[in-house]
Amino acid sequence: MNEIGLHEEEILSLLNDAKIKDFTYDRVLSSMCTTPHRIAVKAHMQFIESNMGDFGLFRGTHGMEEEVIRMTGDMLHCSSAEGYLTTGGTESNIQALRSMRNLHERKHPGCRLNVVVPRSAHFSFDKVSDILDIEVRKVPLESDLKISVEAMQSLIDENTVGLVAVAGSTEFGQVDPIGKISELALEHDLPLHVDAAFGGFVLPFLPEKHMFDFSLQGVTSIAIDPHKMGLSTIPSGILLFREFKHLNCLKAHAPYLTVDSQYTMTGTRSGAAVAATFAVMKFLGKKGYTGIVSKCMEMTRHLVKKAAEIGIEPVIDPVMNVVVLQVPEPAMVRATLSSEYNWHVSITRDPKALRLVIMPHMSCEMIDMFMSDLVKVLDSTSKAKSE
Ligand code: 0PR
C-alpha cells in the first residue's frame with residue numbers, strides 16, 4: 001500500500017483506467033447478468049452502508065427484505081414462503097442442500113449421503129458436493145436436454161437427502177419435467193429444490209405456462225436471482241423455503257448481535273442489494289417484467305429466424321431467452337468472434353455448440369450486427385478447415 005494517500009483526481013484516473021478495460025454489455029451475448037435497472041442503482045447507492053448481517057441496526061432495510069421475500073413467494077405461489085436474500089444462485093443452492101442434509105441427518109445419523117440432480121445442473125452443485133461432502137448423483141439427459149423421471153428414480157436410495165430440478169438450465173435454458181419430479185419427491189418423501197436462478201424471473205412472465213414453482217406440492221425450496229433477469233444489482237439472489245422447518249435447520253446462534261440468530265451462510269450481507277431488489281420489483285411490477293421478458297423473447301425469435309436464413313438451427317427450440325446454435329467448430333468460432341470482432345459468446349459442452357443469452361441490454365440491431373459478423377467468421381472457419 002502507498003505510504004500517503006493519493007489525490008482524488010489520481011484515484012479517479014486509476015478507476016477510469018480500470019473501467020475502460022472492462023467490456024461493456026453492448027458486445028456481450030454470453031452473460032446471464034445485465035445492466036441493472038436505474039432505480040435499482042439509485043436504491044443501492046442510498047443503502048450502500050446497510051448490513052443485513054446485523055439487521056437489528058438496519059430495521060428499514062430488513063423490512064424491505066421481508067417485503068421482497070413476500071412478493072417473491074407470492075409470485076412463486078406460496079405467499080407464506082420463508083427465506084432471505086443471498087449473494088446469488090451458488091449460495092442459494094448450497095444452503096438449500098445444506099438444509100436437506102441437516103434435516104436428513106436428524107433421521108439417519110452417520111451414513112454416506114447423496115443428492116440426485118440433473119446432468120444439466122449448474123456447477124455450483126459440484127461445490128456443494130465438496131463443501132458438504134455429499135455425493136452428487138447426476139441424472140443423464142434425454143435428447144430434449146431434460147431428465148427423465150425414471151432415470152432420476154433409479155438413482156434414489158435410502159441415503160438420498162433430496163432431489164434437484166432445473167427451471168432454466170444455464171447452458172440451454174431448458175426446464176425439467178418438474179410436475180413429475182414433484183410427484184416423485186412426494187412418493188419418496190424427499191425435499192425437492194428447484195434451481196430457478198435464471199428462469200425464475202422469466203417463466204412467470206411468458207405467455208405459455210410452465211409448472212415449476214410452489215404450486216407443485218413436492219417443491220420445498222427455490223433459488224431465484226434478481227441479479228440475473230430481475231434487473232437488480234449484484235449480489236442479489238433469493239432462497240425461498242415452503243416451510244420454516246427447512247430454514248430453521250440452518251440456524252446459528254449469534255451471541256453478541258442485535259439479533260440472536262442467523263440463518264444465512266454469510267455474516268455481513270449487502271443491504272444495498274436488498275434495497276435495489278425491493279426498488280426494482282416495486283417499480284416494474286408484473287406488468288414491467290412481462291414487457292421485459294416479451295422483448296427478450298422477441299429478440300430470441302429474431303435471432304433464431306436470422307440463423308435459419310443462413311442454414312443454422314438451434315439445438316432445441318428456445319424455451320426462454322437462451323439460444324444455442326449448431327455451428328461447426330464452436331470453440332474456434334467463439335475465439336474468432338472475440339479476437340477479431342470483439343463479441344463475447346460462450347459454448348456448451350454436450351452437444352458442443354454456440355451459446356447466446358438474449359438479455360435486456362440487447363437489441364435487434366445488435367443481433368443483426370452480430371449475425372453479419374458470425375457469417376464472416378463461419379466463412380473464414382470453413383475456409384481454414386478446407387485448406
Ligand atoms: N443456477 C443457475 C441455473 C445458473 O445459471 C447460475 C449462474 C447459478 C445457479 C449460479 O449463480 P451465481 O453465479 O449468481 O452464484 N449462471 C451463470 C453462469 O454460470 C452466471 C453468469 C452470469 C456467468 C454472468 C457469466 C456471466 O457473465 O453461466
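Since we're looking at a predicted model, the values are computed, not measured.

Analysis parameters
- The numbers attached to residues start from 1 for each chain and follow its sequence in the written order.
- Whole-chain, interface and lining totals are the exception, using all residues; otherwise, since this is a predicted model, local features are given only for residues with pLDDT of at least 70 and side-chain atom pairs are given and counted only at 80 or more.
- In computing side-chain properties, one takes all heavy atoms of the structure into account and sets aside hydrogens as well as water.
- Near residues are defined by distance, with any heavy atom within 4 Å of the molecule or strand qualifying the residue.
- Here a polar contact is taken to be a pair of N or O atoms separated by no more than 3.5 Å, where protein atoms must pair a possible hydrogen donor with a possible acceptor and residues adjacent in sequence count only if both atoms sit in side chains.
- Shrake-Rupley sampling with a 1.4 Å probe provides the accessible areas, and residues are treated as covered by the protein chains on show and by no other component.
- Numbering of helices and strands runs from the N terminus, with a helix taken as a DSSP run of H or I at least four residues long and a strand as a DSSP run of E at least two residues long.
- A domain assignment, automatic or from a database, supplies the domain bounds used here.
- Residue exposure (1.4 Å probe, protein chains only): buried if accessible area is under 20% of the type maximum, exposed if over 50%, otherwise partly exposed.
- By definition, a salt bridge exists where a carboxyl oxygen of Asp or Glu is found within 4 Å of a side-chain nitrogen of Lys or Arg.

1. Some remarks on the site of the ligand
Phase 1 of the analysis: For the ligand, the set of nearby residues contains 17 residues, the closest of which are Thr90, Thr170, Asp195, His227 and Lys228.
Phase 2 of the analysis: Here a nitrogen atom of the ligand and a side-chain polar atom of Asp195 are 2.6 Å apart.
Phase 3 of the analysis: His227 is positioned such that a nitrogen or oxygen atom in its side chain is 2.9 Å from an oxygen atom of the ligand.
Phase 4 of the analysis: Computed on the free molecule, the ligand has an accessible area of 600 Å², of which 75% lies beneath the protein chains in the complex.
Phase 5 of the analysis: Top element by residues in the shell around the ligand is helix H4 (residues 89-107). It accounts for three residues.
Phase 6 of the analysis: Each of domain 1 (9-35 + 285-377) and domain 2 (38-282) contributes no fewer than three residues to the shell around the ligand.

2. Details of the environment of Val117
Phase 1 of the analysis: Mapped onto the elements, Val117 comes out in strand E2 (residues 114-118).
Phase 2 of the analysis: Owing to a relative accessible area of 0%, Val117 belongs among the buried residues under this scheme.
Phase 3 of the analysis: In sequence terms Val117 and Pro140 are 23 residues apart; their C-alpha atoms lie 9.3 Å from each other.

3. Examining the pattern of salt bridges
Phase 1 of the analysis: Evaluation of the coordinates by the stated rule reveals eleven salt bridges.
Phase 2 of the analysis: Between Asp157 and Arg137 there is a salt bridge, with its nearest N and O atoms 3.0 Å apart. Residue Asp157 is located in the loop between helix H6 (149-154) and strand E4 (160-166), and its partner Arg137 is located in strand E3 (residues 135-139); the two are separated by 20 residues in the primary sequence.
Phase 3 of the analysis: Here Asp368 ties to Lys306 by a salt bridge, and the two come within 3.9 Å at their closest N and O atoms. Of this pair, Asp368 sits in helix H11 (residues 364-386) while Lys306 is found in helix H9 (residues 271-309), placing the two residues 62 residues apart along the sequence.
Phase 4 of the analysis: Accessibility expressed as a relative area gives 26% for Lys306, which makes it partly exposed.
Phase 5 of the analysis: Here the residues in one salt-bridge network are Glu67, Arg70 and Lys282, joined through shared partners.

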